[in-house]
Amino acid sequence: MASRSASVLRAAARAAPRAAPAIRTPARSYSVLARVAVAAPSSPLKRVSPLGATRGVKTLDFAGTKEVVYERADWPLPKLQDYFKNDTLALIGYGSQGHGQGLNLRDNGINVIVGVRKDGESWRQAIEDGWVPGETLFPIEEAINRGTIIMNLLSDAAQSSTWPTIQPLLKPSQTLYFSHGFSVVFAEDTKVIPPKDMDVILVAPKGSGRTVRTLFKEGRGINSSIAVYQDVTGKAQEKAIALGIAVGSGYLYETTFEKEVYSDLYGERGVLMGGIQGMFRAQYEVLRANGHSPSEAFNETVEEATQSLFPLIGQHGMDYMYAACSTTARRGALDWAPIFEKANKPVFEALYKSVRDGTETRKSLEWNSRKTYREDLKKELEEIDSQEIWRAGKTVRSLRPDAK
Ligand SMILES: NC(=O)C1=CN([C@@H]2O[C@H](COP(=O)(O)OP(=O)(O)OC[C@H]3O[C@@H](n4cnc5c(N)ncnc54)[C@H](OP(=O)(O)O)[C@@H]3O)[C@@H](O)[C@H]2O)C=CC1
Ligand SMILES: CC(=O)[C@](C)(O)C(=O)O
Ligand SMILES: [Mg+2]
Ligand SMILES: [Mg+2]
């Protein structure tokens with residue numbers, strides 16, 4: 001551990017004082033390679049590559065735990081197209097995921113149709129994206145009748161409320177696909193109980209449907225988890241993998257429906273969305289209460305995080321970000337990190353419990369089943385938007401040279 005931090009610190013010390021391009025210094029890769037070399041001999045599996053650099057090696061070492069992964073490289077486009085040559089993918093729902101997964105499937109040359117409520121917002125959106133009524137765009141029931149793989153990408157609340165009409169349409173020859181474990185795992189609340197005679201699988205992109213699309217267009221790919229709930233044909237797992245790649249994923253990791261929904265509901269309420277808004281706001285408010293200007297408070301809280309330090313975590317890890325900051329910052333952050341961890345842990349524990357016991361699911365179903373759910377959510381988002389921190393953010397962002 002000590003030598004690991006030391007080598008990272010040395011690498012960043014070389015990189016940090018210079019401008020941004022120095023971040024790409026090879027010194028970092030060498031220090032990673034050195035670490036891997038130290039870690040590898042203890043591994044019982046010779047073929048394990050902690051770097052994941054070798055294509056075709058399927059079991060990777062994630063910090064000491066071996067996990068199977070599937071990569072896009074194993075599914076070249078002709079193989080993918082051949083795999084689905086007799087299928088019609090019926091994508092039900094055209095929200096964020098429907099849009100991203102649907103357009104990626106279409107660009108991948110897979111036979112895909114969209115099913116949404118006629119003349120709703122999604123119907124309009126789908127037409128705008130080039131889906132053609134009567135050819136590739138149908139009312140939900142008709143799309144299900146035409147499909148071999150039924151991809152249920154309605155809102156989680158709508159998956160529950162529409163189930164009484166969808167369930168009788170399903171046939172044993174069809175595969176039922178979700179991007180969330182929600183409906184099936186919390187069946188007591190959602191009443192979604194798939195027929196026993198069909199394959200039921202999941203591909204859950206670990207990011208917004210918008211990113212599913214933009215990463216794909218950039219030639220990159222979102223990471224997704226895959227799971228099998230029912231395997232009637234013996235092919236369910238393989239179908240999940242092929243679909244995961246077909247919708248634009250770069251790599252896939254294995255999970256279960258239960259683990260997916262627990263971790264997903266937890267993550268989005270925690271660090272990914274709820275936690276970060278709470279943390280940003282608390283820091284900002286204390287700065288303001290102590291006489292700092294909005295621009296200073298925003299820059300020191302959100303702008304520096306999203307524009308400078310967090311991307312460094314994304315690119316090379318937390319240790320690298322620390323090492324790229326001053327010794328003063330490092331000392332203080334090292335001291336305060338455990339204090340924040342201790343303060344936050346009980347909140348995360350309460351959150352996980354609330355997810356696990358179905359409280360979060362019931363709340364989501366209740367709120368998002370209301371006729372006014374769109375306007376209600378919009379109103380609450382507008383409240384966030386009107387907070388001083390985010391109003392100040394608009395001006396700060398407008399000052400970025402590339403915003404002009
Ligand atoms: N958003 C994301 O990035 C992610 C989502 N997921 C999962 O993917 C699935 C889809 O989520 P997302 O893409 O966000 O979609 P939304 O939750 O935004 O749902 C939108 C779709 O649901 C339809 N819908 C809503 N109510 C009804 C109803 N009563 N009857 C018929 N259709 C209805 C809408 O149609 P209309 O326009 O006609 O109202 C629209 O097509 C969910 O299981 C979600 O948890 C997984 C990973 C990330
Ligand atoms: C984007 C995503 O993966 C979330 C946050 O879990 C969701 O939108 O449900
Ligand atoms: Mg989610
Ligand atoms: Mg998610």
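Each chain carries its own residue numbering, running from 1 in the direction its sequence is written. Lettering for chains starts from A, numbering for ligands starts from 1, and both go in the order in which the items are written. Residue-level local features of this predicted model are given only where pLDDT is at least 70; pairs of side-chain atoms are given and counted only at 80 or more, and the full residue set underlies all totals for whole chains, interfaces and linings. Remark: hydrogens and water are excluded; side-chain values derive from all non-hydrogen atoms of the structure.

Quick reminder of the rule: UniProt positions are given in the numbering used here, feature names are shortened, and annotations may be inferred rather than shown by experiment.
As annotated in an unreviewed UniProt entry, the protein chain is Ketol-acid reductoisomerase, mitochondrial from Botryobasidium botryosum. Its UniProt record gives the protein chain a comment under Sequence similarities (unreviewed entry), which states: "Belongs to the ketol-acid reductoisomerase family." Regarding the protein chain, the relevant UniProt record gives this comment under Subcellular location (unreviewed entry): "Mitochondrion".

### Let's talk about the sheet that holds strand 2 (residues 65-71)
The strands making up a sheet associate through hydrogen bonds between their backbones, and the pairing can be parallel or antiparallel. Where we set the bar: Strand pairing is assigned whenever DSSP detects at least two bridges linking the two strands. Segments assigned H or I by DSSP are reported as helices when at least four residues long, segments assigned E as strands when at least two residues long, and all are numbered from the N terminus.
If you trace the 10 strands from one edge of the open sheet to the other, you get 1-2-10-9-8-7-6-3-4-5, paired in mixed fashion. At either end of the open sheet lies a strand with only one pairing partner, and these are strand 1 (59-62) and strand 5 (137-138). Inspection of the sheet shows strand 7 (residues 175-178) paired to strand 8 (residues 199-205) by four bridges, in the parallel sense. Within strand 8, the residue paired with Leu-176 across the bridge is Val-200.

### Points about helix 15 (residues 294-316)
We apply this condition: Multiplying 1.5 Å by the residue count of a helix minus one yields the expected span of that helix. One fitted axis covers the seven residues ending at a residue, a second covers the seven starting there, and the bend at that residue is the angle between these axes. Partly exposed residues are those whose accessible area sits between 20% and 50% of the maximum for their type, while under 20% is buried and over 50% is exposed, using a 1.4 Å probe and protein chains only. Two residues qualify as a contact provided that any one of their heavy atoms is within 4.5 Å of a heavy atom in the partner residue.
Between its first and last C-alpha, helix 15 extends 31 Å over 23 residues, near the 33 Å set by a 1.5 Å rise per residue. Most pronounced at Ala-305, the bend in helix 15 amounts to some 65°. Among the residues of helix 15, those classed as buried are Ala-297, Phe-298, Thr-301, Val-302, Glu-303, Ala-305, Leu-309 and Leu-312. Looking at the buried residues of helix 15, the elements they touch are helix 14 (274-289), helix 16 (318-323) and helix 20 (388-398). Gly-317, located one to two residues past helix 15, shows a positive phi value of around 105°.

### Structural notes on the site of ligand 1
The condition is simple: The near set for a molecule or strand comprises every residue that places at least one heavy atom within 4 Å of it. Two N or O atoms count as a polar contact when they lie within 3.5 Å, although within protein this holds only if one can serve as hydrogen donor and the other as acceptor, and sequence-adjacent residues are included solely when both atoms are side-chain atoms. Using a 1.4 Å probe, the Shrake-Rupley method yields the accessible areas, and only the shown protein chains count as cover for residues.
Taken together, 23 residues lie around ligand 1, and Gln-97, Arg-117, Ser-122, Asp-156 and Arg-374 are the ones closest in. Here an oxygen atom of ligand 1 and a side-chain polar atom of Arg-374 are 2.7 Å apart. When isolated, ligand 1 has an accessible area of 890 Å², and the protein chains bury 80% of it. Among the elements of the structure, helix 4 (96-107), helix 5 (121-128), helix 7 (156-161) and helix 19 (373-385) are those that each provide at least two residues to the shell around ligand 1.

### Overview of the domain arrangement of the protein chain
The cut-off we apply is this: For the domains described, the bounds stem from an automatic or database domain assignment. The term buried area refers to how much accessible surface (probe radius 1.4 Å) is lost by two components on association, counted for both of them together. The term salt bridge refers to a side-chain nitrogen of Lys or Arg lying within 4 Å of a carboxyl oxygen of Asp or Glu.
According to the domain assignment, the protein chain consists of domain 1 (58-255) and domain 2 (269-399). In this structure, domain 1 and domain 2 have C-alpha centres spaced 30 Å apart. With eight residues of domain 1 at the interface, the matching set in domain 2 holds 10 residues. When the two sides are added together, the surface that domain 1 and domain 2 hide from each other amounts to roughly 700 Å², 65% of it contributed by carbon and sulfur. Remark: the boundary between domain 1 and domain 2 carries one salt bridge. Among the salt bridges present, the one from Arg-362 reaches Asp-189, with a minimum N-O distance of 3.2 Å. At the junction of domain 1 and domain 2, the tally comes to one residue pair in polar contact (both at pLDDT 80 or more). Listing elements by their share of the side of domain 1 that touches domain 2, those giving two or more residues are helix 7 and helix 10 (187-190).

### Some words on the UniProt feature "binding site: substrate" (unreviewed entry) in the protein chain
The feature "binding site: substrate" (unreviewed entry), as annotated in UniProt, sits at Ser-326 in this numbering. Tracing the backbone shows Ser-326 in the loop between helix 16 and helix 17 (327-356). When its relative accessible area of 41% is taken as the criterion, Ser-326 is described as partly exposed.

### Examining the packing of aromatic side chains
Put simply, the test is: Planes of paired rings set the category: under 30 degrees apart is stacked, over 60 is edge-to-face and the rest tilted, where pairs are Phe, Tyr or Trp rings (Trp by its six-membered ring) whose centres lie within 6.5 Å. Here, over-ring charges are defined by two tests on the NZ atom of lysine or the CZ atom of arginine: distance to the ring centre within 6 Å, and angle to the ring normal within 35 degrees.
This model, assessed by the stated rule, comprises 13 aromatic pairs. The rings of Trp-75, Tyr-83 and Phe-84 are connected pair by pair, giving a single aromatic cluster. Its guanidinium or amino end placed over the ring of Trp-75, Lys-79 lies 4.3 Å from that ring's centre, counting from NZ or CZ. Its guanidinium or amino end placed over the ring of Trp-131, Arg-106 lies 4.5 Å from that ring's centre, counting from NZ or CZ.

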